[in-house]
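A structural walkthrough
Now for the letters of each chain:
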Amino acid sequence: MWYAIYSTDVADSLDKRKATREAHLARAKELVDAGRLLLAGPRPAIDSPDPGPAGFRGSLIIAEFESLEAAKAWADDDPYVHAGVYQSVEVTPFLPVLP
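I will try to describe carefully the structure that is included in this document. Keep in mind that this is a model prediction, so the values were computed, not measured.

Okay, the sheet that holds strand β2 (residues 37–44) next. Taken together, the four strands give an open sheet; going across it, the order is β2-β3-β1-β4, and neighbouring strands pair in antiparallel fashion. At either end of the open sheet lies a strand with only one pairing partner, and these are β2 and β4 (86–94). Strand-to-strand twist of the sheet, defined as the mean angle between neighbouring strand axes without regard to direction, takes the value 10 degrees. Pairing geometry for β2 and strand β3 (residues 56–64), over seven bridges, is antiparallel. When the bridges of β3 are listed, A40 appears paired with I61. On top of the sheet, helix α1 (residues 14–33) reaches β1 (2–9), β2, β3 and β4; it is set at about 10 degrees to β3, its chief contact.

What follows covers the side chain of R27. With respect to the helices and strands, R27 occurs in helix α1. In terms of polar contacts, R27 uses its side chain to reach the backbone carbonyl oxygen of W74, at 2.8 Å. With sequence-adjacent residues up to four places away left out, R27 is seen in contact with W74, D77, D78 and P79.

Buried within helix α2 (residues 68–76) are the following residues: A70, A71, W74 and A75. End-on, the buried residues of α2 take up no more than an arc of 135 degrees, which puts them together on one face. Away from its buried face, by an angle of more than 90 degrees, α2 presents the exposed residues E69 and D76. Buried-residue contacts for α2 involve β1, α1, β3, α3 (79–82) and β4.

This brings us to the packing of aromatic side chains. Scanning the model with the defined rule gives three aromatic pairs in all. Directly above the aromatic system of W74 lies the positively charged group of R27, at a separation of 4.1 Å from the ring centroid.

Relative to the 28 Å expected for 20 residues at 1.5 Å per residue, α1 spans 27 Å between its end C-alpha atoms, a close match to the ideal helical length. The sharpest bend along α1 comes to roughly 55 degrees, located at T20. Within α1 the residues assigned to the buried category are L14, R17, T20, H24, R27, A28 and L31. At the C-terminal side of α1, G35 shows a positive phi close to 70 degrees.

Here is what the cut-offs are and how they apply
Residues numbered from 1 in each chain as written. Predicted model: local features only at pLDDT ≥ 70, side-chain atom pairs only at ≥ 80, totals over all residues. Heavy atoms only, no water. Pairing = 2+ DSSP bridges. Helix = DSSP H or I, 4+ residues; strand = E, 2+ residues; numbered from the N terminus. Axes fitted to C-alpha atoms, helices over the stretch in contact; angles between N-to-C directions. Contact = heavy atoms within 4.5 Å. Polar contact = N/O pair within 3.5 Å; in protein donor to acceptor, adjacent residues only side chain to side chain. Buried < 20%, exposed > 50% of the residue type's maximum accessible area, 1.4 Å probe, protein only. Arc of directions from axis to C-beta. Phe/Tyr/Trp six-rings, centres within 6.5 Å; stacked < 30°, edge-to-face > 60°. Lys NZ or Arg CZ within 6 Å of the ring centre and 35° of its normal. Expected span 1.5 Å × (residues − 1). Bend = angle between axes of the 7 residues up to and from the residue.

Quick look at the structure:
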């Protein structure tokens, strides 16, 4: 089943994000390589593809896992979680309909 992992950053998370980005992306790439990633990306703090110092509000990952528990365990082990980038992480089932 697909799951949406919706994360919200702590205030002023940009430096922490930058320091941990490579590890975060490498872990997401494992999902890509396994054919289990539908989409992933950051949520800019302002209406711009390059928010600069404004940074990001959080992230969204939609990926396939065996269960909600497996998705939550994966999300809890994210390098951004360990680095203190995220204030909160919500994991919910997701049903892709379109396109």
